[in-house]
Amino acid sequence: MAERQLRPTGDRCAREESFPSFRLVSRVRERLNAFMSSNSFDLISRRGFLAASSGVVLAAALPSVQEAAKPPSLPKLALHGGEKAVKKSIRLPIRWGESERERLNAMLGQESLLYWKGPQTTLLLERFRKICPLKYTMNCSSGTAALHIAVAAAGIGPGDEVITAPITDIGTVIGVIYQQGVPVFADLGANTYNLDARDVERRITARTKVITAVHLAGNPCDMTALKAIADRHNLILIEDCAQAWGTKYQGQPVGTVGHIACFSLQNSKHVTCGDGGIVGSNDERFGPLLQRYGDKGFDREKGGLFECFATNYRMSEPQAAVAAAQLGRLEGIVAQRARLGDLLTAQITGLAGIRPHHVASGDRCSYWFYMFRLSPSAFRCDRAEFVKALSAEGVPASAGYIPVPLHRNPVFLKHGFFNGRWPLRETGLTSMDYTKVECPEAEAILQTGIRVTIHEAMTEEFILGVAEGIRKVARHYAA
Ligand SMILES: Cc1ncc(COP(=O)(O)O)c(C=O)c1O
C-alpha cells in the first residue's frame, strides 16, 4: 500500500510527526533505506539484519500513516463491553422517618381529624407560608384539586379560555374542563421547556381569562414577561408549582409572582404526604374563595347558606401531619438538587449536539427532573440507542417525558371529556378544535429530550460520572 512504501523523511507532514508511532516507523524506514541503498545484502551485519527485519515487522504491524493521523481511540461504550462511566450506583433517598412519626403520634391524640382549625393543618400552613408567603391558603387533596380550586376562584365559567403549556401533567387542565372552560395550549421555549411568552400573547382572544404558568421540572417560567402580558390584557396569572417546590424566580419564591399558586404533595414530588396539595393567594379578590372552592362551597368562617358550588377537595389531618413534617426537609432536598442539576449543566455545556436544560441566570431550579435535548443531525444513532447506551453507562436516563403534548391525547382529539361528549363545543360555546392545535417546539422537545433523574441522595461524584457518561456516548455516536 502507498502509505507503507518507504519514503524519505522529508515527506512527513507536521501532523504525522506529532504521533510517536509515526516517528518510530520513520526511523526504521531511514535505516532500511540506508541499508538497501548500500547494495551489500550479502554483507548484512547482525545489527543491520536485526534493525531491518524488526523494522519491516514493525512497519507492517503499526497502523497506516492515515490511521495514525486519527485522534486517539474513544473509550469503548459499556453497551459494547467497556467500563461504565458511572462507577458507583446510588441509593434512593430516605424520604421520611422520625419527624413524620412524631407528627403522626401527635395527630393520634386529637379528637378530630378534620382539617378545619386542625393542629396538623395549622402547622402545615404555617410552615408553607414561611416557604411561600401567601396570606390565604387552603390545603387540599391533590395538585389537581389545587388547580381546580384556583380556576374556580378565578371565575372560570363556560367558554372561558385558559392559556397553558402542552407539556405538563393533565392535572393542570382537569379543573379548567370541569369548570366548562377551554384549555388553550401555547408553545414552549426550546431549552427551558416553559411557556414562550410571545406565543402566549399570540393566542389571547376575547375569551381568555387566565394564563396558567407551569414551572416544568422546577425551572421557573419567565414570570416578568408573563405578568406583563397578564397585566396588559387584564388576565389572571395562576402558577402551577406542582413540580417546583423551593424554586425561585429571580430570588422570589414561585407562587408569589402570579395571583394564585398551586402546589402538589403527590408521592413523586420533592415533598409529599402520598397525595395532597396546597393552593394560596395574596389577592383579596381570590384568596377568600379558596377555602370554599375546596370544601363543597361551604364558608367555614362565616357559615350560612351555599353561595357557590364546588366539590370536596379537603385534606384530612393524617396527611397534613406528614406534609408538615416533610416541609421541614424541603430546603435540604432542594439545595442539593439545585447544586447537582447546575453541576450537570456546567459539565455538558458546549458538548457538540447536546442542549442542556436552560435555567435563566438568577433563577433557582429545583430539578424535579433534568432534561437535555439532542440535536438529531449531530449523531449517528437515534434517541433510543443513545438512551440505551447511557443506561449501560449507569446514567439514570429515559427518553422524553410525557409521550405526546396533552392535546395529542385521544380524549382531546375526540373532544370527548364528558363520556365521549363535550357539550361546550356541541352548543357552540367554543370552536376549539384540538386536532388543529400546533405547538411544534413542544413536539420537538418530547421527541429529542432525554430525562436524567436527579435526587437529593446523589453526590457530586455521581453527577460527574453521569456527565462523563453523556460525553462518552455523545462522542461515540458523533456524526
Ligand atoms: C405540573 C403538574 N401539575 C399538576 C399536577 C397534578 O398534581 P397531582 O398529581 O397532585 O394531582 C402535577 C402532578 O404530577 C404536575 O406535575
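It should be noted that the structure appears before, not after, this text.
The numbers attached to residues start from 1 for each chain and follow its sequence in the written order. Since the coordinates come from a predicted model, pLDDT governs what is reported: local features require at least 70, and pairs of side-chain atoms require 80 or more to be given and counted, while whole-chain, interface and lining totals use all residues. Remark: hydrogens and water are excluded; side-chain values derive from all non-hydrogen atoms of the structure.

Observations regarding the overall build of the protein chain
Stated formally: Strands are runs of DSSP state E lasting at least two residues, helices are runs of H or I lasting at least four, and both sets are numbered from the N terminus onward. For every residue, the accessible area (1.4 Å probe, protein chains only) is compared with the maximum for its type, and the residue is labelled buried under 20%, exposed over 50%, or partly exposed between those bounds. Should any heavy atoms of two residues lie within 4.5 Å, those residues are counted as being in contact.
Looking only at helices and strands, the protein chain features 18 helices and 13 strands. The buried share of the protein chain, reckoned over its 479 residues, is 52%. The long-range share in the protein chain, meaning contacts at least 24 apart out of those at least 6 apart in sequence, stands at 71%.

Concerning the sheet that holds strand 12 (residues 397-399)
What counts, and what does not: Between any two strands, at least two bridges found by DSSP are needed for them to pair. In this description, a line fitted to the C-alpha atoms serves as the axis of each element, helices being fitted only across the stretch in contact, and the angle between N-to-C directions of two axes falls anywhere from 0 to 180 degrees.
In space, the four strands of this open sheet follow the order 10-11-13-12, with antiparallel pairing throughout. If you trace the sheet from one side to the other, it starts and ends with strand 10 (354-355) and strand 12, each paired once. Pairing between strand 12 and strand 13 (residues 449-452): three bridges, direction antiparallel. Residue Ala397 lies in a different strand from strand 13, and its bridge partner there is Val452. Across the face of the sheet, helix 13 (residues 330-348) comes into contact with strand 10, strand 11 (370-374) and strand 13 while running at roughly 20 degrees to strand 11. Packed onto the sheet, helix 14 (residues 383-392) meets strand 10, strand 11, strand 12 and strand 13 and runs at close to 165 degrees relative to strand 12.

Observations regarding the packing of aromatic side chains
Heads up, the rule is: Ring pairs are drawn from Phe, Tyr and Trp, using the six-membered ring of Trp, whenever the two centres fall within 6.5 Å, and their geometry is named by plane angle: stacked under 30 degrees, edge-to-face over 60, tilted for the rest. Geometrically, a lysine NZ or arginine CZ counts as sitting over a ring once it is within 6 Å of the ring centre and also within 35 degrees of the ring normal.
Inspection of the entire model under this criterion finds 18 aromatic pairs. Summarising the aromatic geometry, the rings of Phe417 and Tyr434 are spaced 6.2 Å apart at their centres and angled 85 degrees between planes, so their arrangement reads as edge-to-face. A residue pair is termed long-range when its members are at least 10 positions apart, and Phe417 in the loop between helix 15 (410-413) and helix 16 (423-426) and Tyr434 in the loop between helix 16 and helix 17 (440-448) qualify at 17 residues. Owing to a relative accessible area of 0%, Tyr434 belongs among the buried residues under this scheme. Feature note: the residues Phe185, Phe412, Phe417, Trp422 and Tyr434 constitute an aromatic cluster, connected by ring pairs. The aromatic ring of Phe369 is capped on one face by Arg451, whose charged end is 5.5 Å from the ring centroid.

Side note on the site of the ligand
Condition: Any residue with at least one heavy atom within 4 Å of a molecule or strand is counted as near it. Residues adjacent in sequence count toward polar contacts only when both atoms are side-chain atoms; beyond that, a polar contact is any pair of N or O atoms within 3.5 Å, and within protein one must be able to donate a hydrogen and the other to accept it. Surface exposure here means Shrake-Rupley accessible area, sampled with a 1.4 Å probe, where a residue is shielded only by the protein chains that are shown.
The full set close to the ligand counts 14 residues, and Gly143, Thr144, Asp240, Ser264 and Lys269 are the nearest of them. Asp169 places a polar side-chain atom, nitrogen or oxygen, 3.4 Å from an oxygen atom of the ligand. A distance of 2.6 Å separates an oxygen atom of the ligand from a polar side-chain atom of Lys269. The protein chains hide 92% of the 380 Å² of surface that the ligand would expose on its own.

Things to note about the nonpolar core
Put simply, the rule reads: Here, the term nonpolar core denotes a set of buried Ala, Val, Leu, Ile, Met, Phe, Trp, Tyr and Cys residues that are joined through side-chain atoms within 4.5 Å.
Counting 71 residues, the largest nonpolar core has Ile167, Leu226, Trp245, Tyr401 and Tyr434 as the members making the most contacts within it. With five residues, the single largest contributor to this core is helix 12 (residues 317-327). Discounting chain neighbours no more than four positions away, the residues touching Ile167 are Leu188, Leu216, Tyr401, Ile402, Ala442, Ile445 and Leu446. Leu77, Phe372, Leu374 and Val387 belong to the second largest nonpolar core, which has 34 residues in total.

Topic: the environment of Glu438
Structurally, Glu438 is set in the loop between helix 16 and helix 17. Expressed as a C-alpha distance, the spacing of Glu438 and Arg408, which sit 30 residues apart in the sequence, is 9.8 Å.

A few points about helix 13
Along an α-helix, residues three or four apart share an orientation, since each turn contains 3.6 residues. So the rule is basically this: Working rule for helices: expected span equals 1.5 Å times residues minus one.
The terminal C-alpha atoms of helix 13 lie 27 Å apart, and with 19 residues this matches the ideal 27 Å at 1.5 Å per residue to within 8%. Among all positions in helix 13, only Leu330, Ile333, Val334, Gln336, Arg337, Ala338, Leu340, Gly341, Leu343, Leu344, Thr345 and Ile348 are buried. At the exit of helix 13 stands Gly350, carrying a positive phi of roughly 90 degrees.

So, the sheet that holds strand 2 (residues 161-164)
Spatial ordering of the open sheet is given by 1-9-8-5-4-2-3, a layout of seven strands whose pairing is mixed. Looking along the sheet, the strands with just one partner apiece sit at the ends: strand 1 (136-140) and strand 3 (182-185). Shown here is a sheet whose adjacent strand axes are inclined to one another by a mean of 20 degrees, direction ignored. Here five bridges tie strand 4 (residues 208-214) to strand 5 (residues 236-240), and the two strands are oriented parallel to one another.

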